[in-house]
Number of protein chains: 2
Amino acid sequence: MSASRAVRASNALLRAVSAPSAARATKPVALLRESRRHFAASARTMSSFYQWEPECPSVKTEIPGPKAKAAIAELDEVFDTRSLNMLTDYAKSSGNYIADADGNVLLDVYAQIASIPIGYNNPALLKAARSDEMVNGLINRPALGNFPPTDWAHVLKSGILKVAPKGLNQVFTAMAGSDANETAYKAAFMWRRQKERGGAHVEFTDEEMSSAMNNKTPGASELSIMSFRTGFHGRLFGSLSTTRSKPIHKLDIPAFDWPQATFPQLKYPLDKHVAENAAAEKAALDEVEHLILNYHIPPCAVIVEPIQSEGGDNHASAAFFRGLREVTQKHGVLMIVDEVQTGVGATGRFWAHEHWDLPTPPDMVTFSKKAQTAGYYFGNPELRPNKPYRQFNTWMGDPARALLFRAIVDEVERLDLVKNTARVGDYLYERLEKLAAKYPGQFDNLRGKGMGTFIAFDNPRRDEFLARAKKLGVNVGGSGQAAVRLRPMLIFQEKHADILLETLEKIARSW
Amino acid sequence: MSASRAVRASNALLRAVSAPSAARATKPVALLRESRRHFAASARTMSSFYQWEPECPSVKTEIPGPKAKAAIAELDEVFDTRSLNMLTDYAKSSGNYIADADGNVLLDVYAQIASIPIGYNNPALLKAARSDEMVNGLINRPALGNFPPTDWAHVLKSGILKVAPKGLNQVFTAMAGSDANETAYKAAFMWRRQKERGGAHVEFTDEEMSSAMNNKTPGASELSIMSFRTGFHGRLFGSLSTTRSKPIHKLDIPAFDWPQATFPQLKYPLDKHVAENAAAEKAALDEVEHLILNYHIPPCAVIVEPIQSEGGDNHASAAFFRGLREVTQKHGVLMIVDEVQTGVGATGRFWAHEHWDLPTPPDMVTFSKKAQTAGYYFGNPELRPNKPYRQFNTWMGDPARALLFRAIVDEVERLDLVKNTARVGDYLYERLEKLAAKYPGQFDNLRGKGMGTFIAFDNPRRDEFLARAKKLGVNVGGSGQAAVRLRPMLIFQEKHADILLETLEKIARSW
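An unreviewed UniProt entry lists chain A under the name 4-aminobutyrate aminotransferase, with Trichocladium antarcticum given as the organism.

Laid out in structure tokens, this is it:
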């Protein structure tokens, strides 16, 4: 297939899928064939990590197509479907490709909101899921704080703790990002009050005990968690009080009167705004220090995402985070790094904060999403509360999910997927820079250089951009007001990047 | 084996396990043999639902024994073990029996804090866990709000929704009891503010949107959730603000200034305190109404457990709950029934609130624990927020756990286990009444009559009582200050009740 024929085919596909639905329905099969040939021709010859995934996307119907529409209507009777993006046929999804009810197969660079690490129906996970150990964890669910399994230390050490961030050798396990963050906050409050009391041995006063039962001070502490504007840390009551992404996340929900500092708003390209960006980061750190010293409800911890993800893919420099470590340490405030979205390899390091070269580790690091389980890591033994049952709940996580994370870790190591992501990320970023130069205004504020595939850009008609990508066979997500956020899996390779890049160019070219 | 010989054997066992550990180590094997013979002789001939469980407990070592001690020390390096009750060998546990690292096998009437429904290593669950559907749900974890599986409606309708409380035909799925309650609270806040605004069509004001981002009113609503003294609803920040069980659960954690009403403190036996108890319930309802009308942060919902479980197994009459439904409805306040611990059959009805014969259903019912998944049921379509993404998070539950609940529901129906629990509960209660009469002061305030096996009593030396039970081969839990709470599984039969009763009597007799 010649290059010009490939372009003709892809243009025909684009016209068809961009046209009103009546026209669109006419020639799907022929177009699909053309599309397949085109993608196959342009894809690099490198083989996939796994042989079971398709070679390219294949869009056969509108999305949602007729089967999906019927199923969505049925689902909506019992389950709110207004945020539904695509009704998914998981059995038919594989590797980097997500399938829907109507047989459409899309390259998936959104990956269940950045939470699929090593592909749909990964054979290594299939094996782990069929193991006796997994079945045992599923059907005999323990209350982990009271009745941990005999091999729980081994499961932790060979999985969750094998990849623990440097300097953090303990874990409190949780269910998802929100409660991972909230339990970290609880540890921070207890730690700070213990220091104020004079140590772990100091008993609670009667006044503290009785006032706590009435939700009043001194038993309920009057302390806060500081977060950053445009940050996202979850949607339960404590985590939502630190989330500052969008009004729709927060409206009508009571919130704690906790402080927020400005997250530096970097200008792009970075090399043309060096002084300005450094000044923005300095101002942000000054604000953090000012709030630590002056906020009327003193913060005992600051929580920060290495890259503000939901809030629009906002980056800051390693120097900024080193400064944050310094200012928190100086004032005895804990630093919690929320790696719920950035963790587990996506930035080309296992944990994004490894990019910072911190002088001392963060006090706590929270994780979820690609880990398929959740919790917070810590190292300082003082972060264990002074008495049992202070940090406790019935399940305290899920051993089945912990076993799955272990299998993910093994596969990430076996295939060197963090390194793969770093390399493919560079490949992708370089080509996106060229697209940005070629199509001004379509790939604004390209960001994420050197951060693996954790790349984003702004597009003025972002939602339409995402809808077009889907019609062309690529499932992409947005973040913030205008960002297109790329969140491929760790098994995303140059050949997948090529398909993505071609698709992005098709959209840009058509506008 | 004659009755007197059985008594001698059990007394010998009792003396051995009550003695200091040096003496205890001398004859465990011989004693075990005696113990086995004793239990086997006294157990009723009725066969188990499943043939795979042991006939009786078997305590071979101290608990923790040498193997457990070593494993606990290793675990403690990375995971707080101070709330550890028993290091558990789940592979060797079966049915009503829990096994530990040293080969001790105990009758388990605590059941992972009331969260194992149909026994360890249940063959029906084993089959479900090995199914392709389960494996698919485990390894391809969806973001359910965005990318639900094609069969999600079917999974819900054949499982979670098949057992939905009468009048509640929709569900929001969650991860555990805490976030099930908190998402229900969020639905309540949004519902109330929508009413105040004048309907779903009324848009948010600019002031609401900007103030919400600063955690301030009017965007962050100044409303509250009312709960009851000694109630327990979870330990994240919103749920903990409604939890009023013990100071250790609440100390140092910031809390919302939300109202609490007194839960009626019934006196036992009920038939001797009829007027007094009715007055206590009336006073409690008057207090609820007073707080609805006068509390400085108006409640939009009241949350209540059918039986306050963690707080000490506090019961109230069906009339009280009917009164609560009436007073909440009168004032346009939602009634949320927290069935996290009472749900899924333990009270002899599938949902405990079925005992009340309510004129109209509760507005929301939350569930977790024995369901092995979590969420809240509702019926009123106005409880769906007026826009998508208001009630949303990445995972919104776990399909693997939803499939497990479906298998549980099928097995509960197949074996008629709710009816079984009602019958066995009556059997157990009747015999406990006799023990209470025979050993005054040991089985105080016996409660839970007609509530299946959801039975409790107070013992002045409760913690020692629980420790003795464990030494005698029965794993029991406590609640509140002095309660021994019985939380057998739904496969608990008369023969298990006999073993439990004999053990309880041994302890009482020895004091």
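Resuming the write-up.
Next up on the list: helix α10 (residues 206-213) of chain A. For α10 of chain A, the complete set of buried residues consists of E208, S211, A212 and M213 of chain A. Packing partners of the buried residues in α10 of chain A comprise α9 (177-197) of chain A together with α12 (247-250) and β5 (260-261) of chain B. Backbone geometry just downstream of α10 of chain A places N215 of chain A in the positive-phi region, at approximately 60 degrees.

A separate point is the relation of the copies chain A and chain B. In the superposition of chain A on chain B (RMSD 0.0 Å, axial shift 0.0 Å), the rotation amounts to 180 degrees. Both copies of the chain, as the preceding transformation shows, are related through a two-fold rotation axis. The position closest to the rotation axis in chain A is occupied by the C-alpha of F237 of chain A, lying 2.8 Å away. Of the residues that chain A buries at the interface, 100% are likewise interface residues in chain B, meaning the two copies contact each other through the same surface.

Right, let's get into the pattern of salt bridges. Close approach of charged atoms allows side chains of opposite charge to pair. With the rule as written, the count across this model stands at 73 salt bridges over all chains. K92 of chain B is the salt-bridge partner of D89 of chain B, the closest N and O atoms lying 3.8 Å from each other. Its relative accessible area of 13% is what places D89 of chain B among the buried residues. Residues E208 of chain B and R193 of chain B are paired through a salt bridge, measuring 2.8 Å at the closest nitrogen-oxygen approach. On the criterion of sequence distance, the pair formed by E208 of chain B in helix α10 (residues 206-213) and R193 of chain B in helix α9 (residues 177-197) is long-range, its members being 15 residues apart. Taking the relative accessible area as the measure of exposure, E208 of chain B reaches 6% and is therefore buried. Through salt bridges with shared partners, a single ionic network connects R192, R193, E196, R197, E208 and R390 of chain A together with D252 of chain B.

Residue and element names in this part refer to chain B. Here we have 3 strands laid out as an open sheet, ordered β1-β2-β14, and mixed in their pairing. Both edges of this open sheet fall to β1 (97-99) and β14 (474-475), since each of them pairs with a single strand only. As defined by bridge partners, β1 adjoins strand β2 (residues 105-108) across 3 bridges and the pair is classed as antiparallel. Bridging across to β2, I98 finds its partner in L106. Seen against the sheet, helix α18 (residues 494-510) touches β1, β2 and β14 and runs at an angle of roughly 105 degrees to β2.

Moving on, we get to the side chain of S158 of chain A. Within the fold, S158 of chain A resides in the loop between α8 (152-157) and β3 (170-174). Within the structure, S158 of chain A has its side chain in polar contact with the backbone oxygen of V155 of chain A (distance 3.5 Å).

Attention now moves to the interface of chain A and chain B. Often, the extent of an interface is quoted as the loss of accessible area upon association of its parts. Facing 125 residues of chain A, the contacting portion of chain B comprises 125 residues. Taken together, both faces of the contact between chain A and chain B bury some 11,200 Å²; the carbon and sulfur share is 59%. The largest per-residue losses of area from chain A upon contact with chain B belong to F79, F147 and D252 of chain A, which jointly make up 8% of the total buried on that side. Along the contact surface separating chain A from chain B lie 18 salt bridges. Here R384 of chain A makes a salt bridge to D76 of chain B, at a shortest N to O gap of 3.1 Å. Remark: the boundary between chain A and chain B carries 80 residue pairs in polar contact (both at pLDDT 80 or more). Broken down by element, the residue count for the side of chain A that touches chain B peaks at 9 residues, all from α9 of chain A. Residue composition of the side of chain A that touches chain B, by class: 63 nonpolar, 33 polar and 29 charged.

For the rest of this paragraph, the subject is the nonpolar core. Grouped together as the largest cluster of nonpolar side chains are 220 residues, with contacts concentrated most on M364, Y377 and F405 of chain A together with M364, Y377 and F405 of chain B. With residues near it in sequence (within four places) discarded, M364 of chain A still touches L168, A184, A187, A188, L334, M335, I336, V337, Y376, Y377, F378 and L383 of chain A.

Within this structure, the stated rule accounts for 57 aromatic pairs over all chains. On the numbers, 6.0 Å between centres and 85 degrees between planes, the contact of F237 of chain A with W258 of chain B is edge-to-face. Placement of the pair is F237 of chain A in helix α11 (residues 237-242) and W258 of chain B in the loop between α12 and β5, with the two residues belonging to separate chains. Each of the two residues, F237 of chain A as well as W258 of chain B, counts as buried. Judged by centre distance (6.2 Å) and plane angle (90 degrees), the ring pair of F443 of chain A and F465 of chain A falls under edge-to-face. Taken together, the residues F443 of chain A in the loop between α16 (417-438) and β12 (444-447) and F465 of chain A in helix α17 (residues 462-471) connect sequence positions 22 residues apart. Residue class for F443 of chain A comes out buried when judged on its relative accessible area of 3%. By the ring-pair criterion, three or more aromatic residues cluster together here, those being Y185, F189, F237, F256 and W258 of chain A together with Y185, F189, F237, F256 and W258 of chain B. Positioned above the aromatic ring of W511 of chain A, the side-chain terminus of R461 of chain A is 3.8 Å from the ring centre.

Residues and elements named next belong to chain A. One open sheet holds the 4 strands; their spatial order is β12-β13-β16-β15, and the pairing between them is antiparallel. The strands lining the two open edges of the sheet, one partner per strand, are β12 and β15 (477-479). Going across the sheet, the axis of each strand differs from the next one's by a mean of 25 degrees, ignoring polarity. Inspection of the sheet shows strand β13 (residues 455-458) paired to strand β16 (residues 483-486) by 4 bridges, in the antiparallel sense.

Moving on to the packing of α16 of chain A against helix α18 (residues 494-510) of chain A. Residues and elements named next belong to chain A. As a packed pair, α16 and α18 sit with axes 10 Å apart at the nearest point and diverge in direction by 20 degrees. As summarised for this structure, α16 and α18 are arranged roughly parallel, according to the angle between their axes. Of the two elements, α16 crosses α18, and the hand of that crossing is right-handed. Of the residues in α18, those in contact with R423, V424, Y427, L428, R431, L432, L435 and K438 of α16 are E494, A497, D498, L500, L501, L504 and E505.

Turning to the environment of M213 of chain A, a few remarks are in order. Here M213 of chain A shows up in helix α10. Setting aside its immediate chain neighbours within four residues, M213 of chain A contacts R244, S245, K246, P247, K250 and Q260 of chain B.

Here the focus is the confidence of the model for chain A. All names here are of chain A. Residues of chain A with pLDDT of at least 70 account for 91%, and the chain-wide mean is 92. Low pLDDT (under 50) marks residues 1-38, which in the prediction has 37 contacts with non-local residues, meaning those over four places away or in another chain. Contacts of residues 40-45 to residues separated by more than four positions or lying in other chains number 8 contacts, the stretch itself having pLDDT below 50.

All right, on to the environment of K250 of chain B then. Looking at the secondary structure, you find K250 of chain B in helix α12. Sequence-distant contacts of K250 of chain B, that is, excluding residues within four places in its chain, are made with A212, M213, N215 and G219 of chain A together with L240, S241, T243 and R244 of chain B. In terms of polar contacts, K250 of chain B uses its side chain to reach the side chain of N215 of chain A, at 2.7 Å.

Cut-offs and rules
Residues numbered from 1 in each chain as written. Chains lettered and ligands numbered in written order. Predicted model: local features only at pLDDT ≥ 70, side-chain atom pairs only at ≥ 80, totals over all residues. Heavy atoms only, no water. Buried < 20%, exposed > 50% of the residue type's maximum accessible area, 1.4 Å probe, protein only. Helix = DSSP H or I, 4+ residues; strand = E, 2+ residues; numbered from the N terminus. Contact = heavy atoms within 4.5 Å. Least-squares fit on C-alpha atoms with pLDDT ≥ 70 in both. Salt bridge = Lys/Arg side-chain N within 4 Å of Asp/Glu carboxyl O. Pairing = 2+ DSSP bridges. Axes fitted to C-alpha atoms, helices over the stretch in contact; angles between N-to-C directions. Polar contact = N/O pair within 3.5 Å; in protein donor to acceptor, adjacent residues only side chain to side chain. Buried area = accessible area lost by both parts, 1.4 Å probe. Nonpolar A, V, L, I, M, F, W, Y, C, P; charged D, E, K, R; others polar. Core = buried A, V, L, I, M, F, W, Y, C linked by side-chain atoms within 4.5 Å. Phe/Tyr/Trp six-rings, centres within 6.5 Å; stacked < 30°, edge-to-face > 60°. Lys NZ or Arg CZ within 6 Å of the ring centre and 35° of its normal. Parallel < 35°, antiparallel > 145°, perpendicular 65-115°, else oblique. Left-handed = near helix turned anticlockwise from the far one by under 90°. pLDDT = per-residue confidence, 0-100.

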